[in-house]
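# Architecture and fold: a report
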Amino acid sequence: MDLLALIELLLPEGTLPEVQSQNGRIEWKEAIGNIKNEDDLFAFISSVLQPYLHTLSLLIGVADVNGHISHWWRKTDGLTLLPLPRKVSEHFMQDNISGVLEMYAPDRRSALQTTLFNSGVREMLMVPLRNHTSSFGFLCILAKHHNTFPKSLQIAVNRYAGLFAAATLKLLLREALPQWLEEEDMNDGDEQELFVHNELLPAKLVSGIALRPAIKQVRQVAPTDATVLLTGETGTGKELFAEAIHLSSLRRHKAFVKINCAALPPQLIESELFGHEKGAFTGAFHRRIGKIEMADGGTLFLDEIGELPLDMQAKLLRVIQEKEIERIGGSDTIPVNVRIIAATNRRLEDEIQLGRFRQDLYYRLYVFPIHLPALRERREDIALLLQHFARNAARKYGKPIRPIAPASVMALVDYHWPGNIREMEHMVERAVIANDTPLITIDVPTGNKALPMEDGAGSPLLTLAETERQTIIRALRYSNGRIRGPQGAADLLDIKPTTLEARMKKLGIVKEHIVR
Ligand SMILES: Nc1ncnc2c1ncn2[C@@H]1O[C@H](COP(=O)(O)OP(=O)(O)OP(=O)(O)O)[C@@H](O)[C@H]1O
């Protein structure tokens, strides 16, 4: 679970509105996503309240479980705040004061009010910061004069109180839970683009924008028992995705059994798949349970299915159709209930033409195909994945987490990655081990010159805005210009339709120009 999802759980439902930014309305998660320190927090609050009041002096207090203020954050515009008393404002927390407080004299009941009065504060607008069950702190807007706060400001402050609470919680949780701090900082605000999608997927599966359609397909197909055919070059993550489907399925508590059809000599494959009875052939001293039987109730992952010999293809077809097997040398048929996921880096259509793959088996497997793009087809994700693997390798080898040198990142974005993610993972790991400099440098492998981009236009590093533009355009083309609904562009990109429309407006994308 990410930090923002946790915040959403902690706050009362319906208290997190969208906010108006310079470029239209944006979702709360996006609005507070980049808050990393006190300055960011105050800049955010000021920007929300800017239309109502230009100069803001702000004070935020957060209480511990006993109601004592454990955190003070302040930003003063033209006010010199005296040091705040150490043990103050219990009654602020207890009475849950909200609204405008006028100050005409030091207040005996509250050390905080007295301090503020003596600091020159004459009016204060107070907003409790609430979680599900109670107030955990307060936000004060301070003014040097009476009658400073217009009614519109008071209404806005109440409307956005949930958002201010979320923003404050973000800072508190970052301090309390440093692992998030590290994750967020490494990605420098881009964390939203590189994410683990849900707890049921393998934790190591990360995805940038380009993998989102495949992840979406995983979510769609996982709960069914449909056969899945994963296609993609070597190292694109087919096995990881097979595991993801299994872990997101109802079979997740049963076995996930893998068989690599390319790794076994043909004479062993049958016994590996179907098992054998004792004495079935010379050397069969014991009964052996085959992989299909082992996967009963769970998932059978047939990697490199294109390498399966033709006679085995016929036997596999029978298993899929009849849902039963016979061990070699056995006379009984054994019912099996397995979900089949197959993977290949060959074009099975070509293999059929060449007479190396059975067409009937192909149709049995081609129920729900998922294609994993090669890394060079998803260059927009390369920089983020590099940082991800650098962080992982640093943890694995007990090294400090360091960024990769921008020049290396630029060169690697242009590289053609024949070994895809597997190649990247190993390359980064080697560099992390070998480098002790503040920035990790990685050389593009020699003898592998960067290939031009698919469109032949060279391979410049794209700006984030341009990357976003191209991704939105791709999604619109894919959805035939449809923004809303299942398989609409917003759905594919996993964002709200209103957010997509706002981004299209900002980036000057007109869907009629894209889809004709
Ligand atoms: N999206 C991803 N996020 C994180 N790691 C990934 C991702 N995709 C692949 N990897 C890592 O890259 C390596 C290769 O992945 P995997 O074995 O799943 O690829 P493959 O397509 O099955 O390769 P092959 O066709 O050679 O069997 C693994 O270590 C895997 O953990």
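Residues numbered from 1 in each chain as written. Predicted model: local features only at pLDDT ≥ 70, side-chain atom pairs only at ≥ 80, totals over all residues. Heavy atoms only, no water.

### Side note on the site of the ligand
Around the ligand, a shell composed of 18 residues is seen, among which Val206, Thr234, Gly235, Lys238 and Glu425 lie nearest. Taking Lys238, its side chain carries an N or O atom lying 2.7 Å from an oxygen atom of the ligand. Here an oxygen atom of the ligand and a side-chain polar atom of Arg422 are 3.1 Å apart. Going through the elements one at a time, α10 (238-247) and α18 (420-434) are the ones with two or more residues in the shell around the ligand. For the shell around the ligand, the per-class residue count stands at 6 nonpolar, 5 polar and 7 charged. (Near = heavy atom within 4 Å. Polar contact = N/O pair within 3.5 Å; in protein donor to acceptor, adjacent residues only side chain to side chain. Helix = DSSP H or I, 4+ residues; strand = E, 2+ residues; numbered from the N terminus. Nonpolar A, V, L, I, M, F, W, Y, C, P; charged D, E, K, R; others polar.)

### Notes on the pattern of salt bridges
Under the counting rule described, the total for this entry stands at 20 salt bridges. The partner of Asp381 in a salt bridge is Arg378, with the nearest N and O atoms 3.4 Å apart. Across the pair, Arg378 and Asp381 agree in class, each one buried. What emerges from the salt-bridge pattern is a single network uniting Glu277, Arg287, Glu293 and Arg327. (Salt bridge = Lys/Arg side-chain N within 4 Å of Asp/Glu carboxyl O. Buried < 20%, exposed > 50% of the residue type's maximum accessible area, 1.4 Å probe, protein only.)

### Remarks on the packing of aromatic side chains
The final tally for this structure, using the stated rule, is 5 aromatic pairs. Here the aromatic rings of Phe256 and Phe301 are separated by 6.0 Å at their centres, their planes lie at 20°, and the arrangement is stacked. Of this pair, Phe256 sits in strand β9 (residues 256-260) while Phe301 sits in strand β12 (residues 299-303), and the two are 45 residues apart along the sequence. Here Phe256 falls in the partly exposed class, since its relative accessible area comes to 24%. When the centroid spacing of 5.4 Å and the interplanar angle of 65° are considered together, the rings of Tyr362 and Tyr363 count as edge-to-face. (Phe/Tyr/Trp six-rings, centres within 6.5 Å; stacked < 30°, edge-to-face > 60°.)

### A word on the side chain of Lys238
Positionally, Lys238 belongs in helix α10. Buried and without a salt bridge, Lys238 has Asp303 as its closest oppositely charged side chain, separated by 5.8 Å. Only 2.9 Å separates the side chain of Lys238 from the backbone oxygen of Glu233, close enough to count as a polar contact. Once residues within four sequence positions are removed from consideration, Lys238 is found in contact with Leu230, Thr231, Gly232, Glu233, Phe301, Ala343, Thr344, Asn345 and Leu372. (Lys, Arg positive; Asp, Glu negative; His and termini not counted. Contact = heavy atoms within 4.5 Å.)

### Examining the sheet that holds β12
Adjacent strands of a sheet pair through backbone hydrogen bonds, lying either parallel or antiparallel. If you walk across this open sheet you meet the 5 strands as β9-β12-β15-β8-β16, and the pairing is parallel. Lying at the two open borders of the sheet, with one neighbouring strand each, are β9 and β16 (368-371). Neighbour-to-neighbour, the strand axes of this sheet turn through a mean angle of 20°, independent of strand direction. As judged from the 4 bridges shared by β12 and strand β15 (residues 339-344), these two strands associate in the parallel manner. Bridge pairing in β15 places Thr299 opposite Arg339. Running over the sheet, helix α9 (residues 212-221) touches β8 (228-231), β15 and β16 and is turned about 155° from β16. (Pairing = 2+ DSSP bridges. Axes fitted to C-alpha atoms, helices over the stretch in contact; angles between N-to-C directions.)

### Comments concerning the environment of Leu142
With respect to the helices, strands and loops of the structure, Leu142 is situated in strand β7 (residues 135-143). Overall, the relative accessible area of 5% leaves Leu142 in the buried class. Residues Leu142 and Thr55 lie 87 residues apart in sequence; the distance between their C-alpha atoms is 9.9 Å. Non-local contacts of Leu142, meaning those with residues more than four positions away in its chain, are made with Ser57, Leu59, Leu79, Leu81, Leu116, Val121, Glu123, Met124 and Phe149.

### Here we look at the packing of helix α16 (residues 382-396) against helix α17 (residues 406-414)
Two elements in contact, α16 and α17, have axes separated by 9 Å at closest approach and are oriented at 120°. Between α16 and α17, the angle is such that the two are oblique. Regarding α16 and α17, the two cross each other, and that crossing is right-handed. Here Ile382, Ala383 and Leu386 of α16 lie close against α17, whose contacting residues are Val409, Leu412 and Val413. (Parallel < 35°, antiparallel > 145°, perpendicular 65-115°, else oblique. Left-handed = near helix turned anticlockwise from the far one by under 90°.)

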